[in-house]
Amino acid sequence: MTRTAALIVAAGSGSRAGGGVPKQFAPLGGQPVVAHSIAAFRAHPAIDDVVVVIGEGQQDVFAAISDARWVIGGASRRESVRAGLTALTEVDRVLIHDAARPFLPAEVIDRLVAALDDTPGVVPVLPVADTLAHGSAALGATVPRDGLYRVQTPQAFDYPAIVAAHAAWPDDAEATDDAQMLRAAGQAVAMVEGSPMLEKLTYPADVAAAEARLATAMTSRSATGYDVHRLESGEEMWLGGVLIPHDRGLSGHSDADVALHAITDALLGTIAAGDIGSHFPPSDPQWRGAASGQFLEHAAGLVRAEGGIIDFVDLTLICEAPKIGPHRAAIRQSIAALLRLDAGQVSVKATTTERLGFTGREEGIAAQAIATVRVPGVRR
Ligand code: MG
């Protein structure tokens, strides 16, 4: 079994792309730039592990946006890559990628991984389309484009070969990329077709263009979820991850958080990934009394693993009591934190059924939810 890791270099401190925060953490399509390539690698079946190299002092920022494993990089890109390579264990191959190239098509990963069967190094390239001119001595003298390519990332390597190439590279010299180091170590580097999607974000206009590209490359999906739990004495009442004081609580196999269950099903619905019962069977003793936040986080993780962006969640609780109003803000905050959203992206409503039906007789509480997400590409 060949094990392949992805190393994302996100250690830069510059904010040339604007916004004041380092560009790899700047928002793009509702999530940080770096989150896009993390999701692309995680969604690819050939990638077994994803490690992100961040800068010293960026630990808290990164932990707030991703649960991916991270290591602290160095003063230069080369030192950051070396720190990342050192952190990998039991790996045969590694794809080294720059976080500033957020849109990573699965086909490019396919081509890189396939080419690694025959060579210790592979880079994705695009031919140079523009006319090139020399800017110094012979002003305006054009440069032949034949044989010239734009080199992108991820660059894919045999792991021992790239580790050796990094070790052999002189400490006082910089390198344009990792492929240069492998070549300097006498090893062959092959080229495969890259993608226009992999353009690097450098300037504010690049981010705006990327937003536009993302808007056309994403499809909106909405899906609903519905759940009911029985009201019983001696049970706790958890609603939206908040413990609500009440004379009775909700009974069920887990903590019976009817609100989180409805939202979990709505999110699973957006990617047609079954329902909460198929992921967390009630027959499985490990979910007895379980906090339902983990179900919701799992569903959100599945959406993000497909490159999805959660745009909005709307919840309606259906009960005579307790009154939801006093707890609405806490429930919104709790759901937003579990989903890594702003509270403004979470709506919590409540209604009664005019004392009609099982909710009206206070035998149980019902919840319904709708989630709206964007997923990459046109899905059929
Ligand atoms: Mg339930």
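Residues numbered from 1 in each chain as written. Predicted model: local features only at pLDDT ≥ 70, side-chain atom pairs only at ≥ 80, totals over all residues. Heavy atoms only, no water.

**As for the overall build of the protein chain**
Moving on, step 1. When its secondary structure is counted, the protein chain shows 12 helices and 19 strands.
Moving on, step 2. Oriented by its inertia axes, the alpha-carbon framework of the protein chain measures out at about 85 × 45 × 40 Å.
Moving on, step 3. Looking at the protein chain as a whole, 48% of its 380 residues qualify as buried.
Moving on, step 4. Put simply, of all contacts in the protein chain between residues at least 6 apart along the chain, 71% involve residues at least 24 apart.
Moving on, step 5. When the accessible area of the protein chain is evaluated, it comes to approximately 17,500 Å², of which 54% is carbon and sulfur surface.
Moving on, step 6. Charge separation in the protein chain, taken as the distance between the mean sites of 31 positive and 44 negative side-chain charges, equals 4 Å. (Helix = DSSP H or I, 4+ residues; strand = E, 2+ residues; numbered from the N terminus. Buried < 20%, exposed > 50% of the residue type's maximum accessible area, 1.4 Å probe, protein only. Contact = heavy atoms within 4.5 Å. Areas by Shrake-Rupley, 256 points an atom, 1.4 Å probe, with all protein chains shown as cover. Lys, Arg positive; Asp, Glu negative; His and termini not counted. Charge placed at Lys NZ, Arg CZ, Asp CG, Glu CD.)

**Remarks on the pattern of salt bridges**
Moving on, step 1. Summed over the entire model, instances satisfying the criterion amount to 13 salt bridges.
Moving on, step 2. For Arg77, the salt bridge is made with Asp98, and the minimal N-O distance between the two is 3.0 Å. Of this pair, Arg77 sits in helix 3 (residues 77-87) while Asp98 sits in strand 6 (residues 93-98); the two residues are 21 residues apart in sequence, bridging distant segments of the chain.
Moving on, step 3. By relative accessible area, which is 11% here, Asp98 ends up buried.
Moving on, step 4. What emerges from the salt-bridge pattern is a single network uniting Arg77, Asp98 and Asp178. (Salt bridge = Lys/Arg side-chain N within 4 Å of Asp/Glu carboxyl O.)

**As for the environment of Thr4**
Moving on, step 1. Relative to the assigned elements, Thr4 resides in strand 1 (residues 4-10).
Moving on, step 2. Spatially, the C-alpha atom of Thr4 lies 18 Å from that of Leu182, the residues being 178 residues apart in sequence.
Moving on, step 3. Setting aside residues up to four positions removed in sequence, Thr4 forms contacts with Ala46, Ile47, Asp48, Asp49, Arg93 and Leu95.

**Some details on the coordination of the magnesium ion**
Moving on, step 1. Every protein donor of the magnesium ion is accounted for by Asp227 (OD), His229 (NE2) and His261 (ND1), and the metal-donor separations fall at 2.1 to 2.3 Å.
Moving on, step 2. Within one chain, the residues donating to the magnesium ion are spaced in sequence as D-x1-H-x31-H. (Donors = N, O, S within 2.8 Å, 3.2 Å for Na, K, Ca; no water.)

**Topic: the pairing of strand 11 (residues 155-158)**
Moving on, step 1. Bridge analysis of strand 6 against strand 11 gives 4 bridges, and the strand direction is antiparallel. Counted as the bridge partner of Ile96 is Gln155 from strand 11.
Moving on, step 2. Relative to strand 11, strand 7 (residues 121-127) runs antiparallel, the two being bridged by 2 bridges. When the bridges of strand 11 are listed, Val122 appears paired with Ala156. (Pairing = 2+ DSSP bridges.)

**With respect to the packing of helix 8 (residues 258-270) against helix 10 (residues 293-305)**
Moving on, step 1. Axis separation between helix 8 and helix 10 bottoms out at 9 Å; the angle between their running directions is 15°. In terms of axis orientation, helix 8 runs roughly parallel to helix 10. Helix-helix and strand crossings are classified by hand; for helix 8 and helix 10 the assignment is left-handed. Residues Leu260, His261, Ile263, Thr264, Leu267, Leu268 and Thr270 of helix 8 lie in contact with helix 10, whose contacting residues are Gly293, Phe295, Leu296, Ala299, Ala300, Leu302 and Val303.
Moving on, step 2. Counted by class, the contact of helix 8 with helix 10 contains 10 nonpolar, 4 polar and no charged residues. (Axes fitted to C-alpha atoms, helices over the stretch in contact; angles between N-to-C directions. Parallel < 35°, antiparallel > 145°, perpendicular 65-115°, else oblique. Left-handed = near helix turned anticlockwise from the far one by under 90°. Nonpolar A, V, L, I, M, F, W, Y, C, P; charged D, E, K, R; others polar.)

**Here we look at the sheet that holds strand 13 (residues 218-232)**
Moving on, step 1. Strand order in the open sheet made by the 5 strands is 16-13-19-17-18, with mixed pairing throughout. The two strands at the open ends of the sheet, each matched to only one other strand, are strand 16 (249-251) and strand 18 (346-351). Sheet twist, expressed as the mean angle between neighbouring strand axes with direction ignored, is 30°.
Moving on, step 2. Across 9 bridges, strand 17 (residues 309-318) lies against strand 19 (residues 364-376) in antiparallel orientation. When the bridges of strand 19 are listed, Ile318 appears paired with Ala366.

**Remarks on the packing of aromatic side chains**
How two aromatic rings sit relative to each other is set out by the distance from centre to centre and by the angle between their planes.
Moving on, step 1. Tallied over the entire structure, the rule returns 4 aromatic pairs.
Moving on, step 2. Taken together, a centroid distance of 4.4 Å and an interplanar angle of 35° make the contact between Phe280 and Phe295 tilted. A residue pair is termed long-range when its members are at least 10 positions apart, and Phe280 in the loop between helix 9 (276-279) and helix 10 and Phe295 in helix 10 qualify at 15 residues. For the pair shown, Phe280 and Phe295 are each scored as buried.
Moving on, step 3. Pairwise contacts between aromatic rings join Phe280, Trp287 and Phe295 into one cluster. (Phe/Tyr/Trp six-rings, centres within 6.5 Å; stacked < 30°, edge-to-face > 60°.)

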